[in-house]
Each structure stands twice: as C-alpha cells, then as structure tokens.
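Report on the structure
Chain by chain, the residues:
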Amino acid sequence: METLSWRWIFYINVPIGIFALLVIGTAFPKPLRTAEWIMDVWGTVLLITGLSALVLFASVAGPILAWNSPELWLILAIGLGSFAGFFIFEKHHPQPLLPLSFFNFRTFTLSVILSFFVGLAMLGSISFLPIYLQDVRHFSPTMSGLELLYLLVGMLSMSIMAGRRISHKQRYREFPIIGALLITVSLGWLSRLGEQTPMWHIDAALVLLGLGLGMTMQVLVLSAQLAIPHKNLGVATSTVTLFRSMGGTLGVAAFGAVFSGLMAGVASSAEHAAMIVQTLRTDFLIAASFSLAAFVGAWFLEDMQILLKKRQNS
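1. Regarding the packing of aromatic side chains
What the rule picks out here adds up to 9 aromatic pairs. Judged by centre distance (5.4 Å) and plane angle (70°), the ring pair of Phe103 and Phe108 falls under edge-to-face. With a relative accessible area of 28%, Phe103 lands in the partly exposed category. For Phe108, a relative accessible area of 0% corresponds to the buried category. In textbook terms, an aromatic cluster arises when at least three aromatic residues are bridged by ring pairs, as seen for Phe102, Phe103 and Phe108.

2. Comments concerning the packing of helix α11 (residues 217-227) against helix α14 (residues 304-313)
Contact geometry of α11 with α14 gives a least axis separation of 9 Å together with a crossing angle of 25°. As the angle between them shows, α11 and α14 are arranged roughly parallel. Side by side, α11 and α14 meet where Leu222, Ser223, Gln225, Leu226 and Ala227 of the first sit next to Met304, Leu307, Leu308 and Arg311 of the second. When grouped by side-chain class, the residues that make up the contact of α11 with α14 number 6 nonpolar, 2 polar and 1 charged.

3. A short note on a nonpolar patch on the surface
A cluster of nonpolar side chains, contributed by Leu4, Trp6, Trp8, Ile9, Phe10 and Tyr11, occupies part of the molecular surface with about 680 Å² of accessible area. With respect to the secondary-structure elements, Trp6 resides in the segment before α1 (8-11).

4. Looking at the side chain of Thr107
Turning to its location among the elements, Thr107 is positioned in helix α5 (residues 106-126). With relative accessibility at 0%, the residue Thr107 sits in the buried group. Excluding its chain neighbours within four sequence positions, the residues that come into contact with Thr107 are Tyr172, Ser223, Ala227, Leu301, Glu302 and Leu307.

5. A word on the packing of helix α8 (residues 149-169) against helix α10 (residues 199-214)
Remark: α8 packs on α10, axes separated minimally by 7 Å, with the N-to-C direction vectors making an angle of 30°. The pairing of α8 with α10 is recorded here as roughly parallel in orientation. In this structure, the crossing between α8 and α10 has a hand that is right-handed. Mapping the contact onto sequence places Tyr150, Leu151, Gly154, Met155, Ser157, Met158, Ser159 and Ala162 in α8 and Asp203, Leu206, Val207, Leu209, Gly210, Leu211, Leu213 and Gly214 in α10. Partitioned by chemical class, the residues of the contact of α8 with α10 number 10 nonpolar, 5 polar and 1 charged.

6. Description of the nonpolar core
Of all hydrophobic cores here, the largest spans 59 residues; its most connected members are Leu129, Tyr132, Leu187, Ile202, Leu213 and Phe284. It is helix α13 (residues 269-298) that provides the largest number of residues to this core, a total of 10 residues. Setting aside its immediate chain neighbours within four residues, Leu213 contacts Val118, Met122, Leu151, Met155 and Ile183.

7. Focus on the environment of Val240
Residue placement: Val240 occurs in helix α12 (residues 233-263). For Val240 and Leu220, which are 20 residues apart along the polypeptide, the C-alpha to C-alpha distance reads 7.6 Å. The residues contacting Val240, other than those within four sequence positions of it, are Ser111, Val112, Ser115, Leu220, Val221 and Ala224.

8. A closer look at helix α9 (residues 174-190)
For α9, spanning 17 residues, the distance from its first C-alpha to its last is 24 Å, which sits close to the expected 24 Å at 1.5 Å a residue. Those residues of α9 that sit buried are Phe175, Pro176, Ile177, Gly179, Ala180, Ile183, Thr184, Ser186, Leu187 and Leu190.

What counts and how
Residues numbered from 1 in each chain as written. Predicted model: local features only at pLDDT ≥ 70, side-chain atom pairs only at ≥ 80, totals over all residues. Heavy atoms only, no water. Phe/Tyr/Trp six-rings, centres within 6.5 Å; stacked < 30°, edge-to-face > 60°. Buried < 20%, exposed > 50% of the residue type's maximum accessible area, 1.4 Å probe, protein only. Axes fitted to C-alpha atoms, helices over the stretch in contact; angles between N-to-C directions. Helix = DSSP H or I, 4+ residues; strand = E, 2+ residues; numbered from the N terminus. Parallel < 35°, antiparallel > 145°, perpendicular 65-115°, else oblique. Contact = heavy atoms within 4.5 Å. Nonpolar A, V, L, I, M, F, W, Y, C, P; charged D, E, K, R; others polar. Patch = residues over 30% accessible without salt bridge, like charges linked within 9 Å, V, L, I, M, F, W, Y side chains within 5 Å. Areas by Shrake-Rupley, 256 points an atom, 1.4 Å probe, with all protein chains shown as cover. Salt bridge = Lys/Arg side-chain N within 4 Å of Asp/Glu carboxyl O. Left-handed = near helix turned anticlockwise from the far one by under 90°. Core = buried A, V, L, I, M, F, W, Y, C linked by side-chain atoms within 4.5 Å. Expected span 1.5 Å × (residues − 1).

Everything listed here is a matter of coordinates, which is why it stays silent on function.
Spelled out as structure tokens, the structure:
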C-alpha cells in the first residue's frame, strides 16, 4: 500500500496459488474411481445466497441502510429464506453438499460451532488493529503489518507443538480448552488498549492470542474428522473450515459496520484517535465473549480415544 496500489493485495497471491496448485497436482495421489457423483446444485446456490445475504446485512446495517429500512430486512429475509431452503433440499438430495445427519454427532456439531466462534473472535477483532497502529500510533502500513507477525509466531509454534503432542499422546481435548481460554485472556487484555499502551503489552497479547489459536483451529478440524465416518473426512474438513471462515467474515462485516457508525461524526484528530481506541476496546470485549463461549463448549468435546472406539464399533 505504501509503494503499490491496493490491487497488489490480490496480485501477490497469484504466484502462491499457482505454486500450491502444482504441489497438489504432483504430490497428492490420484483419487480412486468411486460411485458417480451427483452435484448438489440447488444446495450450493442456496448456501452461497444465504451466506452472501448475511454478510451483506451485517455490512450495511446501520451506517449504509437504516435499521428501519425495508431493503435491509429484505436482505435478511432472503438470507434466512435461502438457509431454510438449503436445509429442506439437503434432507432429500442423495448426495447432499452438507449431510445434516452429521449434526447428530455431538463432537462434530461442537467443532463446527466452536470454529465459528474462534473465526469470529480472531478476524472480527484483529482485522481492525492495523487501523489503531496507523491512525493512533502513527505506524507505517508496513510496520503495522509486521506487528501482526507476533500473532503468526505464536500460532505457528503452537500448531507444530500441538500436532506433535497429539500424535504422541493420542489425546487432543485439552488443547481447545486451554486454547480458547488463552484467546479469551488475550482479547480481554487487548480490550484495555489505550492511546499510549506500551507496545510490548500489545505484542505479548498477540503472541498469547497466536498460541491460543494454534491450539484450537486445526485441532477442531481433527475432532470433526474423528467424529464422523472415515469416508466423509473431506466433508468434515470443509464444513469446519467454512464455518470458521463464515464466523470471521461476519465478524469483520459486523464490527466494520459498528466501527464506521461510531466514527461517522468524528471531526478532530484527537477525537478520531480516542474514538478508535474506544471502538476497538468494545470490539475486543465482544470477541472475548465469543471465545469464552468457545471455552465453555470445548469442555463437552469427546477425546480422541472415545471417538476412535465409536468409529470401530460402528
């Protein structure tokens, strides 16, 4: 953003995507022939429509469309109606996009819900931290981006450690419990943000947040995979990833709408900085409440040995 246009945010991912495609094409084994696949066209269309409508509703509610605007509630009605149609079609399709019977498994359902909460807490709050760093602390866009590397350090190191520990102990349940608690503590810490907060406080909170995310994000994918029949691993993985992304997208849209609404009437630079701090404090506090809910829900997950035993007996 300092030397190139904003479009390079997208261009820079093109060679990375091509490289990933080449790795997948050469390293992954070719799939075996299975029964003929019947594409769930209506389920796909209804799910995309519902998700798009919800994101649009969260983005425009308040700052762009007034709460009493008929257009706003029409968008919400389209979203909810699309989801209702999606659930109806999924019950009758021979190869549904998302088999609803999977939600009869407690750990699968919890994994999906917790992933939604974690995605909302992470992206819904951290996405606006660079605004604080640039507009309040006067960091350059490059330096504000580099500050988020503290989050990556914690996430990367703990993801590796958690994976090795789970492989060795054949247990995973304590990781999302502790991880959700660390996320809650770090977001609560960030909710005390001020205009002159020492940077080491922010950096330490980001490392702590990364450690918590490293203990939850991929582990919840594993718990969902273990909770359903082995042949449906792909569905479990994509469902958890979808709900985590959906939580993050809705979180960014909703928090962004709140942020824009609160900042609309601010004129002076001093008021601008103070309002950014106040808004971010609220965002972090709300995000912490969702991660606290994830912490409570994580206690009800079944551990690996129980799930493997159930799979063997089924």
